[in-house]
Amino acid sequence: MAESTDCHKAQQDFPKVLILKPIPFINLVSEQYFASNKFTFLEAYDSSLPLHQFLSTHSPSIKAILSSVGAPPITADILHLLPEVGLVVTTSVGLNQVDLLECRRRGIKVANAGSIFSDDVADFAVGLLIDVLRKVSASDGYVRKGLWATKGDYPLGSKLGGKRIGIVGLGNIGFAVAKRLEAFRCSISYNSRKRKPHVSYPFYESVCELAANCDVLVICCELTDQTHHMINKEVLSALGKEGVIVNIGRGAIINEEEMVQCLVQGEIAGAGLDVFENEPDVPLELFAMDNVVLSPHVAVFTPESFLRFKGPRGWESGSFLLK
Ligand SMILES: O=CC(=O)O
């Protein structure tokens, strides 16, 4: 009994790490993760207290925040309630849910998943593109509904090789997508915040010009104030009636309403979408379109990548990059 009380006391002294929403797929590592002997995890989502009250109650002991894809935003208001926080870590690549300016202002360190899942996301982007062009999911549905036998052959898809691919955001993921599509004999060009001096792919300063010179746009950039709704009707019209868009970045980089309109009116040919503006809500119009492939934000990583970066003593140092 004394031992368990001591143990309980010792645990109370561990630095507290706040979690605002269950970490997706944490079952991949869960037992060791929650048995940490270095931290106590405080799961705000399990508390019956309203969030602000929960945070005020625990605020002196919360030293770090663990975030993830789809977690509530870590705003200046939340950070204001947590004066002892010195570190925010997210299992995601995207940092759009973290107020980075406020973190910088307060000297809070921020770490994300860096490039450890880039291959997985890039594989998925190529998968979505092949699916849209060659109608893999649509023809699967055709066979399953028994329509092959009653209605005959399904329309053929379009060839990937030779397509002009525009990568929007040539970071780790964008580059991994480009390398894969080069192997399919596609030609690559890109738009990024800045021209990359060591990259020979043609660079377009304007995303609209990139779209006008491509058959496919693959959205790989971060969601920021600058990229919010950057892909709008004008860009999609420039991509044109034969054009296809793939999004594995964040839903709100595309003006979803305008994209749906373009798809409904046949102003672009198709879309492969892993991310949406208001996840998990997906515009209903898309459900009826067999030129659109939908997935529920799963490009993110595979169990293999997740486990590869966990050594016998937990996460290997260097897996998560400090920003
Ligand atoms: O969307 C996934 C991520 O940001 O890791």
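Residues numbered from 1 in each chain as written. Predicted model: local features only at pLDDT ≥ 70, side-chain atom pairs only at ≥ 80, totals over all residues. Heavy atoms only, no water.

Per the counting criterion, the structure on display carries 5 aromatic pairs. When the ring of Tyr 190 is compared with that of Phe 203, the centres are 5.2 Å apart and the planes differ by 50°; the resulting orientation is tilted. Of the two residues, Tyr 190 is situated in strand β7 (residues 187–191) and Phe 203 in the loop between β7 and α10 (207–212); the sequence distance between them amounts to 13 residues. The pair Tyr 190 / Phe 203 is uniform in exposure class, with both members buried. (Phe/Tyr/Trp six-rings, centres within 6.5 Å; stacked < 30°, edge-to-face > 60°. Helix = DSSP H or I, 4+ residues; strand = E, 2+ residues; numbered from the N terminus. Buried < 20%, exposed > 50% of the residue type's maximum accessible area, 1.4 Å probe, protein only.)

Once that is clear, we can look at the UniProt feature "domain: D-isomer specific 2-hydroxyacid dehydrogenase NAD-binding" (unreviewed entry) in the chain. Here, the residues flagged by UniProt with the feature "domain: D-isomer specific 2-hydroxyacid dehydrogenase NAD-binding" (unreviewed entry) are residues 126–299. Helix makes up 33% of residues 126–299 and strand 14%, with an end-to-end C-alpha separation of 10 Å. (UniProt positions renumbered as here; feature names shortened; annotations may be inferred.)

Turning our attention to the side chain of His 297. Among the structural elements, His 297 can be located in the loop between β11 (292–294) and α13 (303–308). Judged by its relative accessible area of 13%, His 297 falls in the buried class.

Right, let's get into the sheet that holds strand β10 (residues 270–273). Strand order across the open sheet formed by 6 strands is β7-β6-β8-β9-β10-β11, with parallel pairing between neighbours. Each end of this open sheet is capped by a strand with a single partner; those strands are β7 and β11. Strand-to-strand twist across the sheet, computed as the mean angle between neighbouring axes with direction ignored, equals 15°. Direction of pairing for strand β8 (residues 216–219) relative to strand β9 (residues 244–247): parallel, over a ladder of 4 bridges. The residue bridging Val 216 from the neighbouring strand is Val 244, located in β9. Here helix α9 (residues 172–183) sits on the sheet and contacts β6 (164–168), β7 and β8; the angle it forms with β6, its principal contact strand, is near 170°. (Pairing = 2+ DSSP bridges. Axes fitted to C-alpha atoms, helices over the stretch in contact; angles between N-to-C directions. Contact = heavy atoms within 4.5 Å.)

Moving on, we come to the site of the ligand. Taken together, Val 69, Ser 92, Val 93, Gly 94, Arg 250, His 297 and Val 300 make up the full set of residues adjacent to the ligand. Interatomic distance of 2.6 Å between a backbone N/O atom of Val 93 and an oxygen atom of the ligand. Here an oxygen atom of the ligand and a backbone polar atom of Gly 94 are 2.7 Å apart. Against a free-state accessible area of 190 Å², the protein chains account for coverage of 92% of the ligand. (Near = heavy atom within 4 Å. Polar contact = N/O pair within 3.5 Å; in protein donor to acceptor, adjacent residues only side chain to side chain. Areas by Shrake-Rupley, 256 points an atom, 1.4 Å probe, with all protein chains shown as cover.)

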